[in-house]
Amino acid sequence: MGGGEIHKGSSSLSSNESCRNPTAYFFDRDVETIIQHASEEQDRKIYLEVLNTYKNGLNLEKLEEAKRKVLSYTPGSRIDNFDHSNFPKTTSIILVGPKGSGKSSLVNKISAALEGYKLGLCRAQVSYNGSSENGTYFLHEFMVPRSSSSICLYDTRSLSEDVSENNEMLIGWMTGGVCHGELVQKNSDTIDLNNRLRAKARHNHRLGKPREVNFAILVVNAVDVLKSISGEDESFKNYSQLIATTFNNPFLSFKDDKPAIVITHGDLLSIEDRVSVRLYLGDVMQAHPKTQIFDIPDDEDSPTILSVFEMLNYCLDRADRNLLSKQMMIPTISLFSSMLFVLMLTTTYMLK
Ligand SMILES: Nc1nc2c(ncn2[C@@H]2O[C@H](COP(=O)(O)OP(=O)(O)OP(=O)(O)O)[C@@H](O)[C@H]2O)c(=O)[nH]1
Ligand SMILES: [Mg+2]
């Protein structure tokens with residue numbers, strides 16, 4: 001039964017009756033059933049909306065517009081009628097996610113979408129076959145496109161299964177900023193791994209100034225989410241829990257704005273499975289499966305490129321909004337410090 005039948009049912013009451021006593025209409029009916037139907041109808045609507053993002057033909061104008069918006073971006077440019085001269089030169093977006101979720105690959109996919117798919121264009125080191133020793137251990141910044149200084153992506157070390165260890169790592173990045181080339185070590189690292197990492201870091205003499213993070217992307221492997229839902233593989237049972245906890249980590253939020261979610265590895269799944277993963281994540285994380293969860297598989301087709309641009313525009317809009325509230329704080333802080341200064345001078349003078 002669809003939502004339409006809720007209205008059909010009202011014919012059992014004459015319009016005069018229902019006008020006289022509107023609550024009688026609801027008490028006559030099973031409210032629980034009405035709510036359940038409304039919720040099923042809502043689920044069906046969202047399912048179709050997400051499915052249509054794969055099935056509807058690509059609107060090339062939309063693609064061009066989304067790309068133009070990203071390429072013309074400078075920090076603050078998404079805010080109308082505001083002096084952008086005090087904004088920082090670069091907006092930094094951090095990529096976080098479990099091991100092997102595809103963070104470094106996403107850097108390459110975004111670079112390629114912005115610069116064109118050239119043979120051998122692989123800026124970030126991608127790990128192969130999920131070997132535990134491979135992977136990203138040093139923070140690495142990438143300007144995208146590389147000729148610009150407006151957007152900077154930060155590739156990071158993977159999350160671990162230990163929530164408190166992740167918390168420590170995220171608090172460090174989100175409050176102290178991120179430093180290109182910084183080695184990220186964890187308490188759970190073995191002595192052997194620590195020694196190997198220090199050997200790899202031997203040329204890191206001096207790190208640059210930390211960059212403030214302006215927005216975050218949570219990168220998730222869609223195949224691992226499916227394994228976690230099916231619950232067959234013990235080692236993946238906690239995967240959904242880990243990403244939900246990370247998504248809700250207050251240090252990854254900017255006021256009410258939580259991270260954008262990117263699902264990877266969709267090229268290994270059917271469209272129906274990809275839709276299910278997005279709906280499932282939307283449900284678990286309370287994020288909109290169409291507007292906040294972006295499917296960016298290992299493909300070079302136009303829908304994937306559109307998804308890259310839409311995801312970047314989502315992040316840049318929110319980063320600017322957040323930068324704006326900081327800019328608006330500055331005059332207030334300066335006014336407050338000036339008043340404090342005058343008060344101190346007056347007190348000193350009076351005490352003399
Ligand atoms: N088929 C497929 N493979 C992918 C996709 N994204 C990443 N991979 C593969 O997944 C593996 C891990 O990818 P990375 O980009 O290194 O993952 P990561 O999150 O940076 O990994 P760590 O740095 O170890 O945390 C590599 O073998 C990639 O080629 C995708 O969308 N589809
Ligand atoms: Mg990596």
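Please read these numbers as outputs of a predicted model, since none were measured by experiment.

### Some remarks on the coordination of the magnesium ion (ligand 2)
- The coordination sphere of the magnesium ion (ligand 2) contains the protein donors S104 (OG) and T136 (OG1), at a distance range of 2.1 Å. Of this pair, S104 sits in helix α6 (residues 103-115) while T136 sits in the loop between α6 and β2 (140-143), and the two are 32 residues apart along the sequence.
- Overall, S104 belongs to the buried group, its relative accessible area being 10%.
- Take T136: its relative accessible area is 17%, and that puts it in the buried class.

### Observations concerning the pairing of strand β5 (residues 260-264)
- Counting buried positions along β5 yields five of five residues, so the element is predominantly enclosed.
- What you see with β5 is no split at all: A260, V262 and T264 on one side and I261 and I263 on the other are buried throughout.
- Bridging between strand β4 (residues 215-221) and β5 involves five bridges; their strand directions are parallel. Looking across to β5, one finds that V219 is bridged to V262.
- Pairing of β5 with strand β6 (residues 293-295), which is carried by three bridges, proceeds in the parallel orientation.

### Remarks on unusual backbone geometry
- Omega for the peptide link from V144 to P145 comes to -15°, which places this bond in the cis form.
- Within the secondary structure, P145 sits in the loop between β2 and β3 (151-155).
- Unlike most non-glycine residues, K255 shows phi in positive territory, near 50°.
- With respect to the secondary-structure elements, K255 resides in the loop between α10 (239-247) and β5.
- The residue Q286 is not glycine, and still its phi comes out positive at about 60°.
- Among the secondary structure elements, Q286 is positioned in the loop between α11 (271-285) and β6.
- Relative accessible area serves as the criterion here: at 66%, Q286 is assigned to the exposed category.

Here is what the cut-offs are and how they apply
Residues numbered from 1 in each chain as written. Chains lettered and ligands numbered in written order. Predicted model: local features only at pLDDT ≥ 70, side-chain atom pairs only at ≥ 80, totals over all residues. Heavy atoms only, no water. Donors = N, O, S within 2.8 Å, 3.2 Å for Na, K, Ca; no water. Helix = DSSP H or I, 4+ residues; strand = E, 2+ residues; numbered from the N terminus. Buried < 20%, exposed > 50% of the residue type's maximum accessible area, 1.4 Å probe, protein only. Pairing = 2+ DSSP bridges.

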